[in-house]
Amino acid sequence: MLNELSFALPQILKDEVDKELARLKNEDVIGRIWNKDPDVWTGEDESKWLGWLDIVERELAESTKFTDFAAEVSDARFESLVLLGMGGSSLCPEVLAETFGKNQFHILDSTVPAQIESLESKIDVAKTLFIVASKSGSTLEPNTFFQHFYRRVSDSVGGITAGSHFAAITDPGSKLETVAQRDDFRSVFFGDPAVGGRFSALSVFGMIPAAAMGIDSVDFLRRALNMVNACKSHLPNENPGALLGSILGVCHAQGRDKLTIFTSPGINDVGAWLEQLIAESTGKQGVSIIPVDREKIQPPGKYGDDRLFVRIKLSGTNDSDLDRQIDSLAKSGQPVVTVNMTRPQDLGQEFFRWEFATAVAGSIMKINPFNQPDVESAKIEAKKITSEYEETGDLPSEKPVYAENGMKLYTDQANLSALDEIVGKDPSISSYIKAHLSRLNENDYFALLAYIEMNSENEDLLQEIRHNVLEKHQAATCLGFGPRFLHSTGQAYKGGANNGVFLQVTSDDSVDLIVPGQEYTFGVVKSAQARGDFQVLLDRSRRALRIHLGQDVIPALEQIISITS
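Model, not experiment: these values are computed from the prediction. (Residues numbered from 1 in each chain as written. Predicted model: local features only at pLDDT ≥ 70, side-chain atom pairs only at ≥ 80, totals over all residues. Heavy atoms only, no water.)

The next point concerns the sheet that holds strand S15 (residues 500–506). The strand order across the open sheet built from six strands is S11-S12-S16-S15-S13-S14, with neighbouring strands paired in mixed fashion. Looking at the sheet topology across the chains shown, the edges are occupied by strand S11 (402–404) and strand S14 (476–481). Ignoring which end each strand starts from, the neighbouring axes of this sheet average 15 degrees apart. Of the pairings in the sheet, the one linking S15 to strand S16 (residues 543–548) comprises six bridges and is parallel in character. (Pairing = 2+ DSSP bridges. Helix = DSSP H or I, 4+ residues; strand = E, 2+ residues; numbered from the N terminus. Axes fitted to C-alpha atoms, helices over the stretch in contact; angles between N-to-C directions.)

A few words on the packing of helix H7 (residues 140–157) against helix H20 (residues 522–539). The relative placement of two packed helices comes down to the angle between their axes together with the axis-to-axis distance. It is at 12 Å that the axes of H7 and H20 come closest, and there the two elements cross at 170 degrees. Looking at the two axes, H7 sits roughly antiparallel to H20. Along its contact with H7, which presents Leu140, Glu141, Thr144, Phe145 and His148, the element H20 presents Phe522, Val525 and Gln529. (Parallel < 35°, antiparallel > 145°, perpendicular 65-115°, else oblique. Contact = heavy atoms within 4.5 Å.)

Ranked by size, the top nonpolar core spans 94 residues in total, and within it Trp52, Leu96, Trp273, Phe351, Phe352, Trp354 and Phe356 carry the most contacts. Top element by residues in this core is helix H14 (residues 347–365). It accounts for eleven residues. Sequence-distant contacts of Phe351, that is, excluding residues within four places in its chain, are made with Cys92, Val95, Leu96, Ala201, Leu202, Phe220 and Trp273. By size, the runner-up hydrophobic cluster in this structure holds 35 residues, among which are Met407, Leu461, Val469 and Leu503. (Core = buried A, V, L, I, M, F, W, Y, C linked by side-chain atoms within 4.5 Å. Buried < 20%, exposed > 50% of the residue type's maximum accessible area, 1.4 Å probe, protein only.)

A separate point is the pairing of strand S8 (residues 290–293). Burial along S8 is two-sided: the face carrying Ile290 and Val292 and the face carrying Pro291 and Asp293 are both buried. In this structure, strand S7 (residues 258–263) lies alongside S8, joined through four bridges in parallel fashion. Bridge pairing links Ile261 to Asp293 in S8. For the crossover that starts at S7, traverses helix H12 (residues 270–282) and ends in the parallel S8, the hand is right-handed. (Right-handed = clockwise from strand over helix to strand, strands pointing away.)

A separate point is the environment of Arg546. Assignment of secondary structure puts Arg546 in strand S16. Since its relative accessible area comes to 6%, Arg546 is described here as buried. In this structure the C-alpha to C-alpha distance between Arg546 and Gln504, which are 42 residues apart in sequence, comes to 4.5 Å. Contacts of Arg546, omitting those with residues within four sequence positions, involve Glu398, Lys408, Leu409, Tyr410, Gln504, Thr506, Arg531 and Phe534. Within the local environment of Arg546, its side chain forms a polar contact with the side chain of Thr506, the two groups lying 3.1 Å apart. (Polar contact = N/O pair within 3.5 Å; in protein donor to acceptor, adjacent residues only side chain to side chain.)

What follows is about the sheet that holds strand S1 (residues 4–8). The mixed open sheet is built from five strands, whose spatial order is S1-S10-S9-S7-S8. On the outer flanks of this sheet lie S1 and S8, each paired with one strand and no other. Taken over all neighbouring pairs, the strand axes of this sheet differ in orientation by 20 degrees on average, direction set aside. Set on the sheet, H14 makes contact with S1, S7, strand S9 (307–314) and strand S10 (336–341); between it and S10 the angle comes to about 145 degrees.

Glancing now at the pattern of salt bridges. Tallied over the entire structure, the rule returns 41 salt bridges. Two residues, Arg32 and Asp37, come together in a salt bridge whose shortest N-O distance is 3.0 Å. When its relative accessible area of 22% is taken as the criterion, Arg32 is described as partly exposed. The partly exposed category is assigned to Asp37, whose relative accessible area is 22%. Among the charged side chains, a salt-bridge network with shared partners connects Asp219, Arg223, Arg343 and Asp346. (Salt bridge = Lys/Arg side-chain N within 4 Å of Asp/Glu carboxyl O.)

For the rest of this paragraph, the subject is the pairing of strand S2 (residues 80–84). For S2, a buried count of five out of five residues is recorded, marking the element as mostly surrounded by other parts of the structure. Burial along S2 is two-sided: Ser80, Val82 and Leu84 and Leu81 and Leu83, pointing in opposite directions, are all buried. Sheet topology places S2 next to strand S4 (residues 128–133); five bridges connect them, and they run parallel. Across the sheet, the residue bridging to Val82 is Phe130, located in S4.

Moving on: the packing of helix H1 (residues 11–26) against helix H11 (residues 240–253). Running from N to C, H1 and H11 cross one another at 125 degrees; their axes reach a closest spacing of 9 Å. In this view, H1 runs oblique relative to H11, as classed from their interaxial angle. Like other packed secondary-structure pairs, H1 and H11 cross with a definite hand, here right-handed. Side by side, H1 and H11 meet where Leu13, Glu16, Val17, Glu20, Leu21 and Leu24 of the first sit next to Ala242, Leu243, Ser246, Ile247, Val250 and Cys251 of the second. Here the residues of the contact of H1 with H11 sort into nine nonpolar, one polar and two charged. (Left-handed = near helix turned anticlockwise from the far one by under 90°. Nonpolar A, V, L, I, M, F, W, Y, C, P; charged D, E, K, R; others polar.)

Before going further, it helps to examine the packing of aromatic side chains. What the rule picks out here adds up to 28 aromatic pairs. Considering the side-chain rings of Phe146 and Phe166, the 5.3 Å spacing of their centres and the 85 degrees angle between planes classify their relative orientation as edge-to-face. In this pair, Phe146 sits in helix H7 while Phe166 sits in strand S5 (residues 166–170), placing the two residues 20 residues apart along the sequence. Summarising the burial analysis for this pair, Phe146 and Phe166 share the class buried. (Phe/Tyr/Trp six-rings, centres within 6.5 Å; stacked < 30°, edge-to-face > 60°.)

What follows is the structure in structure tokens.
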């Protein structure tokens, strides 16, 4: 059975969607996608990145690797499983662990030292299997995570057997494959180089971790295959992926570029996966669909005409209040798409539906949905900073534009001039933040980018800040923890439409950790990533302000809550 999709659109949007569906049919866009025709998009290298289209069938043909690995992990009696990865290598396993309640499974996708230390306090490294996931094998974060934990495991169980506590998922011929062979990893699983990270959920990058945590990967893939087959229909109005992609593309063309996601509690983490897929795929060349996840729902009168609402509902979940609020939005004329899932095991259907829909939306937007040019720009800036640290032993100097009670503000001259014009002769942390938020115009969005530990207390406080902005300015709001968002929404923030107002939050580290074999620490890496990210925002002429909190994060966040309320 397929997960059901329904939608309610105002007539003007419905007419445009019908026109788009007719165009897809007349131009045989669906057939051309399956034939891997790059001219569906920009005629560049898109054909090299379409291995996800048939990955489910290919993985099912080699399904014994999932059942064998599941049995091997079970027999080894590991107490904990930790995935070391970023972006597409970690988000699908995170969704599965959250959805299926696999509490023994942990994700590390942060270079914040306190977060690494917090994870380590929850596990016994001598009884843990670490899965290092990196397509290229050269991604900074998973490599430094591996270096840290390989030393920890070696110190605990000895270097001879340390490799048996590690498995790798990578593309053939990568640096990680070489490391895995050198250190005698328990297992190495190879991805398909033609499957990009954010399209890799139904490949070994999603299914090997699923098998390790005790999820039936083979059954999961078989259920997903129902959606794969449905998306082969050349009739767009009967093709669940093409239909959704048409709605996404048409809504974007009509100025509804904020995809606002509401999920049932049992599947609430799927929004994080959708964020990466949508933002990194569509945010480039000055256009973007901005995914908005975990934002508090508002009454219909509080929204403008820049939203498309998506409701992903899990049967048997008691969230009738949300259903009523979503119905009110539809009745008020807002576009609403609803997906009904019968059981969590059918989540794979949504992975494929949204991948196909994103490809279709990218064709309507006339972009290449499979590259991520602006992710690389932030990596380059961060590398410059870490290189200078390695040469001098210090991070490059920087001067705040304003400081008060241990908090410091940073921005460039163009942003500072605009802020000073609003602030006038009464500068303060409060007046600068208020001035920055006052730059939110109609149909803009606000993004809170936090390079602090991702824990429930910090997240609750940051959520309160974003919701203050939502209710006061009636602008769409986003919240991301760095550096993980660099591999997802960060692409859209830098390469997409220039309609975002950004507040980056950084802090000093109360603890720091050496990266084994390197001249720098995790704290240095985190700082370099934050500063590199911020510099690229400035280079792209974004309205961006950075606030550095010092070490007292909680009181500082509470102060920002007061300022924004």
